[in-house]
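# A look at the structure
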Amino acid sequence: LNVAFIGHVDSGKSTTAGHLLYRVGAVDTRTVDKLGEQANQLGKASFKYAYILDNLRAERERGITVNYNVWKMETPLYSCTLID
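Bear in mind the structure is a predicted one, so any value in this text is a computation, not a measurement.

Calculation notes
Residues numbered from 1 in each chain as written. Predicted model: local features only at pLDDT ≥ 70, side-chain atom pairs only at ≥ 80, totals over all residues. Heavy atoms only, no water. Helix = DSSP H or I, 4+ residues; strand = E, 2+ residues; numbered from the N terminus. Buried < 20%, exposed > 50% of the residue type's maximum accessible area, 1.4 Å probe, protein only. Lys, Arg positive; Asp, Glu negative; His and termini not counted. Salt bridge = Lys/Arg side-chain N within 4 Å of Asp/Glu carboxyl O. Contact = heavy atoms within 4.5 Å. Core = buried A, V, L, I, M, F, W, Y, C linked by side-chain atoms within 4.5 Å. Pairing = 2+ DSSP bridges.

Within the element layout of this structure, lysine 44 appears in the loop between helix H2 (29-41) and helix H3 (57-62). The side chain of lysine 44 is buried and forms no salt bridge, while aspartate 10, the nearest opposite charge, is found at 8.2 Å. In contact with lysine 44, other than residues within four places in its own chain, are Ala39, Tyr51, Arg60, Glu61, Arg62 and Gly63.

Printed below as a string of structure tokens:
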């Protein structure tokens, strides 16, 4: 299963992708809480899920994805690749 998030700037692609990864258990609550603290420090509290995929300092400071990200995960039924 391949999923690609495509859309306009500031439409929430990384946030949606990160929230999906969290909801399916690919990222634990502790990690999301830590990313939430980092987002709060930068004044971007709503970006905590986007930070799961947006790892570069410039991405977090500017609030936009600079580099594409690929996340692979396995479920009992599917091998999934998520592209943001």
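Looking now at the nonpolar core. Formed by 14 residues in total, the largest nonpolar core has its most connected members in Ala17, Leu21, Val27, Val32, Ile52, Leu53 and Leu82. Elements supplying a minimum of two residues to this core: helix H1 (13-23), H2 and strand S3 (79-83). With three residues, the single largest contributor to this core is H2. In this structure, isoleucine 52 is in contact with Gly18, Leu21, Tyr22, Val27, Val32, Leu35 and Trp71, ignoring residues within four places of it in sequence.

We now examine the pairing of S3. Here strand S1 (residues 2-4) runs beside S3; their pairing, made up of three bridges, is parallel. Pairing of asparagine 2 across the sheet is with threonine 81, part of S3. The pairing of strand S2 (residues 70-74) with S3 spans five bridges and is antiparallel. Paired with glutamate 74 across the strands is serine 79, a residue of S3.

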